[in-house]
Amino acid sequence: MGRVEGKKAFITGGAQGLGACFGRMLAAEGAKVFLTDVNVADAEKTASEIDRAYPGAASFCHHDVTRKEDWENALAMAAEFMGGVSVLINNAGVGGWGNIETETPENWRRTLNIDVDSIYVGTQLAMPYLKESQPASIINISSVAGMIAHSEMLSYNTAKAAVWMMSKSIALHCARQGYDIRSNSVHPAFTRTPIIDPLVTMGGGGAEGETKLTRQIPLQRLGEPEDVGYAVLYLASDESRFVTASEFKIDGGITAQ
């Protein structure tokens, strides 16, 4: 038996990067996974790769997390494929660059819409499915940027801090209603995924850009997707049945400084 045998995981932003890694790791430990993304070509490719390795374990659909109707359609498809939804992983997100003087209303709204509003809308719509598949787990991918600020990350800092607190509020609501549904947030530091490409480029690109990032991390390396994936695997499993309203920092020690 795998660590998440019988679990039914809905993963946004599942086409590549962290979301694809979560899908592979959960399927390897016995879960069914449903990947959603606006990048439908890569979502299909990732789901197919997982399904070849673990027949019947993976499917996908196009999903714009800013659209309520997309959420409704994706959740219905996922529940039909998996026989329910017991793990909701809100992973889809974008970076946002700009300070209080340069940030544009358009970029501010886009960042908050994708990184925060989508989790509110999606989790609310997912609640009936999660209640039918208890014990269930909500895993919201935040960032260390929700805990430590940067002058040029106004919208991103704001969004990821909001995800942190939203996760706690959801957790308390579920506990006080007597639901066996947990909610936690995961806070990676610089992890080797496409979202850090602009930071690497700003640092000079390639190995030089990565080195400048790792200087900020006590463990002196970038995170790998699997480093975050193991935390998600734990939170999706029944090993974490007494863990809710918590934040998991996967950051190489950066927030301790």
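Throughout what follows, the structure given in this document is the object of discussion. In this text the structure is predicted, and so the values were computed from the model without any measurement. (Residues numbered from 1 in each chain as written. Predicted model: local features only at pLDDT ≥ 70, side-chain atom pairs only at ≥ 80, totals over all residues. Heavy atoms only, no water.)

1. Some words on unusual backbone geometry
With omega at 5°, the peptide bond leading from Gln134 into Pro135 counts as cis. Along the chain, Pro135 turns up in the loop between helix 4 (105-132) and strand 5 (136-141). Even without being glycine, Gln220 reaches a positive phi, approximately 60°. Relative to the assigned elements, Gln220 resides in the loop between helix 7 (206-214) and helix 8 (225-236). We note that Ala245 has phi near 60°; this positive angle belongs to a residue other than glycine. Tracing the backbone shows Ala245 in the loop between helix 8 and strand 7 (247-250). (Helix = DSSP H or I, 4+ residues; strand = E, 2+ residues; numbered from the N terminus.)

2. Describing helix 4
The α-helix advances 3.6 residues per turn, and as a result positions three or four apart in sequence lie on the same side. Given a rise of 1.5 Å per residue, 28 residues ought to cover 40 Å, and the 39 Å separating the end C-alpha atoms of helix 4 matches this to within 8%. Most pronounced at Asn113, the bend in helix 4 amounts to some 40°. (Expected span 1.5 Å × (residues − 1). Bend = angle between axes of the 7 residues up to and from the residue.)

3. Structural notes on the pairing of strand 6 (residues 181-188)
Of all 8 residues in strand 6, 8 are buried, a share of seventy percent or more. Alternating positions in strand 6 separate into two faces, Ile181, Ser183, Ser185 and His187 on one and Arg182, Asn184, Val186 and Pro188 on the other, with burial throughout. Here strand 5 pairs with strand 6 via 6 bridges, running parallel. Residue Ile138 lies in a different strand from strand 6, and its bridge partner there is Ser183. Across 4 bridges, strand 6 lies against strand 7 in parallel orientation. In the sheet register, Pro188 faces strand 7, and the bridge partner there is Ile250. (Buried < 20%, exposed > 50% of the residue type's maximum accessible area, 1.4 Å probe, protein only. Pairing = 2+ DSSP bridges.)

4. A few points about the pattern of salt bridges
Summed over the entire model, instances satisfying the criterion amount to 10 salt bridges. Residues Glu69 and Arg67 are paired through a salt bridge, measuring 2.7 Å at the closest nitrogen-oxygen approach. Here Arg109 makes a salt bridge to Asp117, at a shortest N to O gap of 2.6 Å. With relative accessibility at 41%, the residue Arg109 sits in the partly exposed group. (Salt bridge = Lys/Arg side-chain N within 4 Å of Asp/Glu carboxyl O.)

5. Section: the nonpolar core
The biggest cluster of nonpolar side chains holds 30 residues, and the ones touching the most others in it are Phe10, Trp71, Val85, Leu88, Leu130, Ile138 and Ile181. Elements that contribute at least two residues to this core include exactly helix 3 (68-82), helix 4, strand 5 and helix 5 (154-176). Take this core: its biggest share by element is 8 residues, from helix 4. Residue contacts for Leu88: discarding those within four places in its chain leaves Phe10, Trp71, Thr123, Ala126, Leu130, Ser137, Ile138 and Ile139. (Core = buried A, V, L, I, M, F, W, Y, C linked by side-chain atoms within 4.5 Å. Contact = heavy atoms within 4.5 Å.)

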